[in-house]
Amino acid sequence: LAAQADAALMVVPASLGEFESSFQRNGQTQEHALLVRYLGVNNIVVVINKLDTVDWKEERFSEIKHIMLSFLVHKAGFKESNVTFVPCSGLSGENLTSA
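Residues numbered from 1 in each chain as written. Predicted model: local features only at pLDDT ≥ 70, side-chain atom pairs only at ≥ 80, totals over all residues. Heavy atoms only, no water.

### A look at the overall build of the protein chain
Then comes step 1: Along the backbone of the protein chain there are three helices and three strands.
Then comes step 2: Ordered by position from N to C terminus, the α and β elements of the protein chain give β-α-α-β-α-β.
Then comes step 3: Whereas a compact globule of 99 residues would reach a radius of gyration of roughly 13 Å, the protein chain reaches 13 Å, a difference of no more than 12%.
Then comes step 4: On the principal axes, the C-alpha backbone points of the protein chain span a range of 35 × 35 × 25 Å.
Then comes step 5: Surface summary for the protein chain: the accessible area is close to 6300 Å², and the carbon and sulfur share equals 51%.
Then comes step 6: Both charge centroids of the protein chain, one from 8 positive and one from 11 negative side chains, sit 9 Å from each other. (Helix = DSSP H or I, 4+ residues; strand = E, 2+ residues; numbered from the N terminus. Rg over C-alpha atoms; globule rule 2.2 N^0.38 Å. Areas by Shrake-Rupley, 256 points an atom, 1.4 Å probe, with all protein chains shown as cover. Lys, Arg positive; Asp, Glu negative; His and termini not counted. Charge placed at Lys NZ, Arg CZ, Asp CG, Glu CD.)

### A short note on the packing of aromatic side chains
Then comes step 1: Tallied over the entire structure, the rule returns two aromatic pairs.
Then comes step 2: When the centroid spacing of 5.6 Å and the interplanar angle of 20 degrees are considered together, the rings of F19 and F23 count as stacked. In this pair, F19 and F23 both sit in helix 1 (residues 18-23), four residues apart, roughly one turn of the helix.
Then comes step 3: Ring geometry for F23 versus F71: centroids 5.6 Å apart, planes at 85 degrees, classification edge-to-face. Of this pair, F23 sits in helix 1 while F71 sits in helix 3 (residues 58-74), placing them 48 residues apart in sequence.
Then comes step 4: The exposure class of F23 is buried, given its relative accessible area of 13%.
Then comes step 5: Three or more aromatic residues link up through ring pairs in this structure, and these residues are F19, F23 and F71.
Then comes step 6: One cation-aromatic arrangement involves R37 over F78; the distance from NZ or CZ to the ring centre is 5.6 Å. (Phe/Tyr/Trp six-rings, centres within 6.5 Å; stacked < 30°, edge-to-face > 60°. Buried < 20%, exposed > 50% of the residue type's maximum accessible area, 1.4 Å probe, protein only. Lys NZ or Arg CZ within 6 Å of the ring centre and 35° of its normal.)

### Observations concerning the side chain of S15
Then comes step 1: On the secondary structure map, S15 appears in the loop between strand 1 (7-13) and helix 1.
Then comes step 2: In this structure S15 comes out as buried when scored by relative accessible area, which is 11%.
Then comes step 3: With residues up to four places along the chain from it excluded, the contact list for S15 reads E20, K50, T53, V54 and R60. (Contact = heavy atoms within 4.5 Å.)

### A word on helix 2 (residues 29-38)
Then comes step 1: All buried positions along helix 2 are accounted for by T29, A33 and V36. Buried residues of helix 2, seen end-on, are gathered within an arc of 65 degrees and therefore sit on one face of the element.
Then comes step 2: Where the residues of helix 2 are buried, they touch strand 1, helix 1 and helix 3.
Then comes step 3: Of the residues one or two after helix 2, G40 is the one with positive phi, at around 95 degrees. (Arc of directions from axis to C-beta.)

### Digging into the sheet that holds strand 1
Then comes step 1: The three strands lie next to each other as 1-2-3, forming an open sheet whose pairing is parallel. Strands at the two margins of the open sheet, each flanked by one partner only, are strand 1 and strand 3 (83-87). Strand-to-strand twist of the sheet, defined as the mean angle between neighbouring strand axes without regard to direction, takes the value 20 degrees.
Then comes step 2: The pairing of strand 2 (residues 43-49) with strand 3 spans five bridges and is parallel. Following the sheet pairing, V47 is matched in strand 3 by V86.
Then comes step 3: Across the sheet, helix 3 touches strand 1, strand 2 and strand 3, and the angle it forms with strand 3 is around 160 degrees. (Pairing = 2+ DSSP bridges. Axes fitted to C-alpha atoms, helices over the stretch in contact; angles between N-to-C directions.)

Structure (structure tokens):
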């Protein structure tokens, strides 16, 4: 159960247009974040994936981080200190580990 979890892991795309459509009104990013919080999870890790598609631009990472952090703190009710952001690329395996 999510209510028993210590943290949630949310993966969002960094691809131009893809993040925006996932975060807009009809996207599911906001809905999923709200559901996780309403189920009592206090910590969330936001994995910003597909950074390879934007040439690992720090500006894009920062833009998504700013949008997500604002939503998670002001709308979903997470404490800023309980939100962590991780850049990665699933395709190239950057910033991922294997078992």
